[in-house]
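A structural walkthrough
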Amino acid sequence: MCQLKYLILVAVSLCVLACTVAGDGGGRPLVTAVTKDAATSLYTIPVKSGRPLVLDLSGPIVWSTCDDGAPHDTLECNDIDCMRAHRFHPPSYGMPDVHSHYPCKCTAHPHNPVSGDTASGDMTRVALSANATDGINPLGPVSFTAVTSCAPDSLLQGLPAGAVGMAGLARSSLAFPAQVTGTQGVASSFALCLSSSQGNGVAIFGGGPLFVLGQPISEMLGGSTPLRKYKDSPGYYIMASKGITVDGVKVPPGEHAPLTIGLSTTIPYTELRRDVYRPFIDAFDQAMERWGAAGLRVPSPAAAPFELCYNASKLSQTRFGFFVPRINLKLDGGWIWPVFGMNSIARVDRATACLAFVEMKAGDKAGYGGGATPAVVIGGFQMENLLLVFDEEKQTLGFTAGQHLINGRSCGQFNFTMPA
Ligand SMILES: *[C@@H]1O[C@H](CO)[C@@H](O)[C@H](O)[C@H]1NC(C)=O
Ligand SMILES: *[C@@H]1O[C@H](CO)[C@@H](O)[C@H](O)[C@H]1NC(C)=O
Ligand SMILES: *[C@@H]1O[C@H](CO)[C@@H](O)[C@H](O)[C@H]1NC(C)=O
């Protein structure tokens, strides 16, 4: 009798577990459209009551303006999430504030990497929402409570019109992906596909497959490379242990080989440290010369900060964008990130197309982690139309090789229609 009771109890608890996991929206990855703002080249997701937050791959927290009219709860200083918020401090802030009064209210230092500004704000809890997904369609809205920092309106400077804050995606327990993982009980992995201004990109938080036009894109991943730590930064870094090639020719490695490469959604174009930039530009120029395309160079005073510009009407077009020498990042694990014309050459006006890589300015937007300057920081344009999978469980970055996406598919074609 006693045993039977016990069995029933076990069965009931198993059911409770199973039902929570398989329940309405629970235990499923969340999907959201990613929109590129034409004016700022920033990417947003509409997760705060439909209002957009700007994606920041290097941001360790989520921050947004708190409605001044409505009071909000503030976390206490001894709250574990308050301590987590203080693990990363933005540039120009040393240690977090020392609070002596009681009860002590938790203050964070939200940072805007676009303007370079940092503010102070209460740590609070807000409702965020996205759609659950089976990887094929959105299945219906899911709302969850997230720990976020308040920020003054002035911190929104430089962000797209209508944006109310930033969703940090970095390797921190208070970043947006970790909070989805924690509240939904899903894998610590997210997939990001940025799209150019036409059409939407897509982000899926919590692992799982991703289908575009009936095909599972995640199975087309070209490979993966280990994610690395870089100084104190919570951002994502990979290593190009074999350097960079242009048209198959190795670019001289600069001062510090192997090259550390960061990824950023808040800079429009890839930035190269000066000792890497110069040899890289020369290598591309020489490759174009070998291709007999040196004569297509055009002076382009309007194209700053780009240096190498070409007569767009004379460059041939392919499905991979302009037909130009291929750039390869030769990553750890023997894996190559190929950069085709669609991710290397930007059209600056009807007549002109330029190599869209720029020189890193000293002390430029170093972000969290204080003065970290890797050799290369990959910007938004170079990540568009690739599927990037940031897997915190395997500690890897995976992505689709360009060919697979271009073959009639792009992540912009995710089916955002809810099934009837
Ligand atoms: C959820 O999906 C529906 C249908 O595609 C869409 O209208 C809505 O904006 C989505 N919600 C979020 C938060 O993305
Ligand atoms: C670009 O090429 C076109 C077509 O040959 C030509 O008409 C135009 O003058 C060229 N533009 C520049 C800036 O050289
Ligand atoms: C998108 O999904 C909806 C709902 O499942 C389906 O009816 C529609 O045919 C799909 N569209 C495409 C282009 O596959």
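Described below are features of the structure shown in this document. What you are looking at is a predicted structure, and each value in this text was computed from that prediction instead of being measured. Note on numbering: residues in each chain are counted from 1, in written sequence order. Throughout, the order in which chains and ligands are written sets their labels, letters from A for the former and numbers from 1 for the latter. Totals for whole chains, interfaces and linings use every residue, but because this is a predicted model, local features are given only for residues with pLDDT of at least 70 and side-chain atom pairs only at 80 or more, for both listing and counting. To obtain the side-chain values, all non-hydrogen atoms of the structure were included, while hydrogens and water were left out.

The subject of this paragraph is the packing of aromatic side chains. Ring geometry is summarised as follows: Phe, Tyr and Trp rings, the Trp one being its six-membered ring, pair when their centres sit within 6.5 Å, and such pairs are stacked at plane angles under 30 degrees, edge-to-face over 60 and tilted between the two. Counted according to the given criterion, the structure contains 16 aromatic pairs. Centroid distance Y230 to Y237: 5.2 Å. Interplanar angle 40°. Geometry classified as tilted. Relative accessibility thresholds used throughout: buried, under 20% of the residue-type maximum; exposed, over 50%; partly exposed, between the two (1.4 Å probe, protein chains only). In this structure Y230 comes out as buried when scored by relative accessible area, which is 15%. By relative accessible area, Y237 is classed as buried at 9%.

A few words on unusual backbone geometry. Of note in the backbone geometry, S41 takes a positive phi value of approximately 60° without being a glycine. Helix numbering and strand numbering both begin at the N terminus, where a helix is a DSSP run of H or I of at least 4 residues and a strand a DSSP run of E of at least 2. In this structure, S41 sits in the loop between β1 (30-36) and β2 (43-48). Phi is positive for S49, which is not a glycine, with a value near 50°.

This part covers the state of the cysteines. Here, a disulfide means two cysteine sulfur atoms that sit within 2.5 Å of each other. Here the structure, examined in full by the defined rule, presents four disulfides. Here C77 pairs with C104 through a disulfide, and the sulfurs are 1.7 Å apart. In this structure, the disulfide formed by C77 and C104 twists by about -65° around the S-S bond and is classed as left-handed. Taken as a pair, C77 in the loop between β4 (62-65) and α2 (80-85) and C104 in the loop between α2 and β5 (107-108) lie far apart in primary sequence, 27 residues in all. For C104, a relative accessible area of 9% corresponds to the buried category. A disulfide bridge connects C309 with C354, and the sulfur atoms are separated by 2.1 Å. Here the S-S torsion is close to 100°, and the disulfide linking C309 with C354 is therefore right-handed. Here C354 lies in strand β28 (residues 352-355) and C309 lies in strand β22 (residues 309-311), a separation of 45 residues in the sequence. Here C309 and C354 have matching classes, each one buried.

Most of strand β9 (residues 138-151) is tucked away, with 10 of its 14 residues classed as buried. Between any two strands, pairing holds if DSSP finds at least two bridges. Pairing of β4 with β9 involves three bridges; the strand directions are parallel. When the sheet's bridge partners are listed, W63 is paired in β9 with S149. As paired strands, strand β8 (residues 121-133) and β9 are joined by 11 bridges and run antiparallel to one another. If you follow N131 over to β9, its bridge partner there is P141. Between the antiparallel neighbours β8 and β9 lie four residues, among them G135 with a positive phi of about 90°.

On to the nonpolar core. In these notes, a set of buried Ala, Val, Leu, Ile, Met, Phe, Trp, Tyr and Cys residues joined through side-chain atoms within 4.5 Å is what counts as a nonpolar core. Counting 73 residues, the largest nonpolar core has F176, F280, F284 and W337 as its most contacted members. By residue number, the principal contributor to this core is helix α4 (residues 274-290), which donates eight residues. Shared between two domains, this core takes at least three residues from each, and those domains are domain 1 (28-207) and domain 2 (222-399). Discounting residues that sit within four places of it in the chain, F176 has contacts with I45, V47, V62, L128, F144, A167, G168, L169 and F205. The next biggest cluster of nonpolar side chains, apart from the first, holds 19 residues, and it includes I61, C106, A119 and A163. Either an automatic procedure or a domain database provided the assignment from which the domain bounds are taken. Two residues form a contact once any of their heavy atoms are found within 4.5 Å.

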